[in-house]
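Coordinate analysis (summary)
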Amino acid sequence: MTEQEAVPTDTFSAYEVGLRQLLEKLGRDHPRYAEALTYQQRLEENISQARRYGDTETRGATRAEIVDRLNELALAELDVSFNELYVALPPQRHEPSKHVPLQRHPRATHLTGREEELAKPRIFLCHASEDKERVKELYHQLKKAGYNPWLDKYDLLPGQKWRVEIRKILGDHNNLVVVCLSNSSVTKRGTVQREIKWALDLLEEMPEGAIYLIPARLESCQVPDRLSELHWVDLFEPDGFEYLKRSLDFEIANRKPLTEPEKVREAPDVEISKQPAPPKPAPQPIEPELIHIPAGEFLMGSDPKKDKDAYDEEQPQHTVYLPEYYIAKTPVTNAQYLAFVQATNHGKPKHWEKGKPPKGKEDHPVINVSWHDAIAYCNWLAKATGKAYRLPSEAEWEKAARGTDGQIWPWGNEPPDKNRCNFNRNVYDTTPVGRYSPRGDSPYGCVDMAGNVWEWTLSVYKDYPYDPEDGREDPEASTPRVLRGGAFYHYVRLVRCACRFGGSPLKGDDLYGFRLCVAPGYASEL
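Residues numbered from 1 in each chain as written. Predicted model: local features only at pLDDT ≥ 70, side-chain atom pairs only at ≥ 80, totals over all residues. Heavy atoms only, no water.

As summarised here, the arrangement of the four strands in space is 13-12-11-14, forming an open sheet in which the pairing is mixed. Across the chains shown, the open sheet's two edge strands, defined by having one partner strand only, are strand 13 (500-503) and strand 14 (512-514). Each strand of the sheet is rotated relative to its neighbour by a mean of 50°, with strand direction disregarded. Sheet topology note: the strand 11 (residues 454-460)/strand 12 (residues 481-484) ladder contains three bridges and is antiparallel. The residue bridging E455 from the neighbouring strand is R484, located in strand 12. (Pairing = 2+ DSSP bridges. Helix = DSSP H or I, 4+ residues; strand = E, 2+ residues; numbered from the N terminus. Axes fitted to C-alpha atoms, helices over the stretch in contact; angles between N-to-C directions.)

So this is what it looks like as structure tokens:
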């Protein structure tokens, strides 16, 4: 496809019709409704850019990828392709990829053998390629013993992105990880060490006493320091496998089955119905106040001739067009995040005690949250409300913070002081959201966009100029994500609107928080 060869407008209309049909057929209570909303937002932004500036090969490829994912979702959940949801429209330019229909999650009390297997925790076997044959033997041992192991050799389908699939397995707290150690794996750099790091990051979020990661020595070798606090099993000993089974059985027996809520709903005569105490109502989400940001162009980045503090990473300053959107007036607070933790049993920030934020800080921004924590919160809120909540891109964040003309701070070009924002350790802690309003507000009325806490954005950290079609808005990328705004600890240079910082999506920090963004069609219901 060339710059001049634009996709016909009726094809864009077909996609929009298909999106509406998909959302209507799924319904807001469907577990993948929020995922469909995210795809809708990405596809509509892609179409908006193509209509305004003309289509390109990059935009077409991104759009085809989104449509492929919509086809996969529709086939798995509705038994029809996304393209079949179009209504009396011409044939589409992009043919859908052929997908293997996804296995549905168990929804009935009586499970089939395959559904019962899928309901079990997956046991990810982390290993070095040199140990593949020994790990294959372990895989078959676990399979024969009734477990549900995962090994790339048998469970990674041709065409799947191995990095994405492994991250999915490791990121599911219901699964377990067995790290297979040998003299080869403990000294090898690359994938094995990266998988161990991912697993250890998630281990911090697990409840105290829970078993998530099990070091297993295939031969006599030195256990890496970062795993040495965990008791390991020696699989080369005669009783090694039985010892591993004891650990797996103990943890699985202490976990709540994934299908239990469905069983209770579909079997009114079960024992739980005889209990006199009614169940506690699920915590209700606390939605943010939203600010409308109109469609249009704005200056993004820094011009060192106008801003002496500009970093190289903020250059060149350039013009970016954004469709209209809504962004939260404030960062997500502890009170808002608490409702999420209570409703989902998601891991709490590490500094909370007894499952709750520090007393008196309910209206402070939540901290110690990773990018993945923020994404999980967005998905939960989207599903609970039917509105397409997500993280803002770094472009959306910056426009909301500084307006259209490239001013250096939210309030203008005058340097900050203790009456405009929480910075430079003036307080040495977070402050309630909105404390510095209206003096520190952005042109649109957003608060705390300079100082208090760094805020996660959806965007991958890449060089300028900003291009939403170059992969930086891919939600599945595992590279560093952009944080914006600076924090209470930082000095003047770091709380400018254009300042950008890249952080690991796996790591939280006592300076990291986030705020929300939402698609126009769903914000209008507020």
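The rest of the description comes next.
This brings us to unusual backbone geometry. The residue after Q315, namely P316, is reached through a cis peptide bond having omega 0°. Relative to the helices and strands, P316 is located in the loop between strand 7 (296-300) and strand 8 (318-322). That bond from S437 to P438 is cis: its omega, 5°, falls within 30 degrees of zero. Inspection of the secondary structure puts P438 in the loop between helix 13 (394-402) and strand 11. The phi dihedral of R425 falls on the positive side, at around 60°, and the residue is not glycine. Within the element layout of this structure, R425 appears in the loop between helix 13 and strand 11. By relative accessible area, which is 39% here, R425 ends up partly exposed. (Buried < 20%, exposed > 50% of the residue type's maximum accessible area, 1.4 Å probe, protein only.)

It is worth spelling out the environment of S437 at this point. Following the sequence through the fold, S437 ends up in the loop between helix 13 and strand 11. Take S437: its relative accessible area is 32%, and that puts it in the partly exposed class. When the C-alpha atoms of S437 and V447 are compared, they prove to be 6.4 Å apart, with 10 residues separating the residues in sequence. Polar contacts involving the side chain of S437 include one to the side chain of D441, which spans 2.9 Å. (Polar contact = N/O pair within 3.5 Å; in protein donor to acceptor, adjacent residues only side chain to side chain.)

A large share of strand 8 lies buried, amounting to four of its five residues. The pairing of strand 7 with strand 8 spans five bridges and is classified as antiparallel. Bridging from a neighbouring strand, F298 pairs with V320 of strand 8.

As a further point, take the nonpolar core. Residues Y337, Y377, L391, F514 and L516 are the most contacted members of the largest nonpolar core, which totals 36 residues. Elements with a contribution of two residues or more to this core: strand 9 (325-328), helix 11 (334-344), helix 12 (371-385), strand 11 and strand 14. Apart from residues no more than four positions distant in its own chain, Y377 is found in contact with I286, V332, Q336, Y337, F340, F514 and L516. A36, L43, A50 and A519 belong to the second largest nonpolar core, which has 22 residues in total. (Core = buried A, V, L, I, M, F, W, Y, C linked by side-chain atoms within 4.5 Å. Contact = heavy atoms within 4.5 Å.)

In the structure shown here, the tally under the stated rule is 15 aromatic pairs. Between Y337 and W352, the ring centres sit 6.1 Å apart and the planes meet at 90°, which makes this aromatic pair edge-to-face. Pair noted here: Y337 is in helix 11 and W352 is in the loop between helix 11 and helix 12, with a separation of 15 residues, a long-range link. The exposure class of Y337 is buried, given its relative accessible area of 0%. An angle of 70° between the planes, with centres 5.5 Å apart, marks the rings of Y377 and F514 as edge-to-face. Of the two residues, Y377 sits in helix 12 while F514 sits in strand 14, which places them 137 residues apart along the sequence. According to the relative accessible area criterion, F514 is buried, its value standing at 0%. An aromatic cluster is defined as three or more aromatic residues linked by ring pairs; in this entry it consists of Y337, F340, W352, Y377, W380 and F514. One residue, R493, lies across the ring of Y311, its end atom 3.6 Å from the ring centre. In this structure, R500 packs its charged tip against the face of Y461, placed 4.6 Å from the ring centre. (Phe/Tyr/Trp six-rings, centres within 6.5 Å; stacked < 30°, edge-to-face > 60°. Lys NZ or Arg CZ within 6 Å of the ring centre and 35° of its normal.)

Attention now goes to the packing of helix 11 against helix 12. Running from amino to carboxyl end, helix 11 crosses helix 12 at an angle of 80°, the nearest separation of the two axes being 11 Å. As summarised for this structure, helix 11 and helix 12 are arranged roughly perpendicular, according to the angle between their axes. Side by side, helix 11 and helix 12 meet where Q336, Y337, A339, F340, A343 and T344 of the first sit next to D373, A376, Y377 and W380 of the second. For the contact of helix 11 with helix 12, the per-class residue count stands at seven nonpolar, two polar and one charged. (Parallel < 35°, antiparallel > 145°, perpendicular 65-115°, else oblique. Nonpolar A, V, L, I, M, F, W, Y, C, P; charged D, E, K, R; others polar.)

Before going further, it helps to spend a moment on the sheet that holds strand 1 (residues 122-126). Taking strand neighbours across the sheet as the criterion, the five strands line up as 2-1-3-4-5 in an open arrangement whose pairing is parallel. Each end of this open sheet is capped by a strand with a single partner; those strands are strand 2 (148-150) and strand 5 (233-234). Of the pairings in the sheet, the one linking strand 1 to strand 2 comprises three bridges and is parallel in character. In the strand pairing of strand 2, F124 is matched with W150.

Coordinates in, geometry out; function isn't part of it.
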